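Working through the structure, step by step
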Amino acid sequence: MRILVVDDEPLSRRLVEAAVTRLGHFATTAEDGQAAWHCITQDRPEVLITDLMMPRVDGLELCRRVRADTGGGYTYIILATVLGAAQDVVRGMEAGADDYLIKPVDLFALQTRLIAAQRVTDLHAELDRHRAQLAHLARHDPLTGLANRRSLEEDLEVLQARSRRYGHGFAVAMCDIDRFKAYNDTHGHQAGDQALRAVAAAIAG
C-alpha cells in the first residue's frame, strides 16, 4: 500500500517510515499537517499515519480535512501519538481516524493495523467500482451504449447554465431512422438491434 507518514519529530517520522518499508509497503513522509495535506491533494495515499500534536495543522484537523474531501478514494487513517487517554482516543476517532497507535510505535501493533487497513481500503475500492458501474448504467442505454434520457436532461441543464453564464448559444439535433419498423418486422429484432448499434456508432463517431 501507499502510506503517508506525518510527524513533526524527525526521529519518530523516520522510525515509522522504516517500519512501514520493512513491512513491504511504499512510504512517503511529511513534516507536519500542512505539508501532509498538500501531499494528499496531489496524490491521495491509501493509508495515513499521522501524529496528533503538530504545528500549523494538527492531526485532528488533518483527519477532518481528509474525511471532508470525498474524492480520490478512501484513506485509512491511523493516529500515532503519546496521548493515550480515553478522551484523546475518542477525539481522534470522532475527527475521522480509523485506528490509534501509542508512541513509540510497536512493529507488531503497526502490522496488525495495516492488515486491517488493507481490508478496508480494498472494500472501499470495490464499492467505488460498483458505484461507477451503476452510475454508467443509470445514464446509458444498454443496447447502444449512448447516453439515455436522464443523461440528456442533465447535459441540457449544464448547457443552459453555461449559455446563461457566458452568453453562448447551443443547438440540439434530432434524427429519426427511416422505415426502422419495417426493417425490424422483415429481418427480426436481432437484425434491428444490430442496425441500432450501427447507427449509434455512426452518431458517436
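The structure contained in this document is the topic of the report that follows. (Residues numbered from 1 in each chain as written. Predicted model: local features only at pLDDT ≥ 70, side-chain atom pairs only at ≥ 80, totals over all residues. Heavy atoms only, no water.)

Some words on the nonpolar core
One finds Leu4, Val6, Ile40, Leu48, Leu62 and Leu79 to be the most contacted residues of the largest nonpolar core, which totals 20 residues. Elements with a minimum of two residues in this core: β1 (2-6), α2 (33-42), α3 (59-68) and β4 (76-81). Setting aside residues up to four positions removed in sequence, Leu79 forms contacts with Thr50, Asp51, Leu52, Gly59, Leu60, Cys63, Gly92, Ala97, Asp99, Tyr100 and Leu101. Met1, Ile3, Tyr76 and Leu110 belong to the second-largest nonpolar core, a separate cluster that totals 17 residues. (Core = buried A, V, L, I, M, F, W, Y, C linked by side-chain atoms within 4.5 Å. Buried < 20%, exposed > 50% of the residue type's maximum accessible area, 1.4 Å probe, protein only. Helix = DSSP H or I, 4+ residues; strand = E, 2+ residues; numbered from the N terminus. Contact = heavy atoms within 4.5 Å.)

Comments concerning the pairing of strand β5 (residues 99-102)
Of the pairings in the sheet, the one linking β4 to β5 comprises four bridges and is parallel in character. Pairing of Ile78 across the sheet is with Asp99, part of β5. For the segment spanning β4, helix α4 (residues 86-95) and β5, crossover handedness is right-handed. (Pairing = 2+ DSSP bridges. Right-handed = clockwise from strand over helix to strand, strands pointing away.)

Quick look at helix α6 (residues 149-166)
Its 18 residues give α6 an end-to-end C-alpha distance of 25 Å, which sits within 8% of 26 Å, the value for a rise of 1.5 Å per residue. The distance from a side-chain oxygen at the start of α6 to the backbone nitrogen of Arg150 is 3.2 Å, and the residue carrying that oxygen is Asn148. Residue Gly167 follows α6 closely and has a positive phi angle near 75 degrees. (Expected span 1.5 Å × (residues − 1). Polar contact = N/O pair within 3.5 Å; in protein donor to acceptor, adjacent residues only side chain to side chain.)

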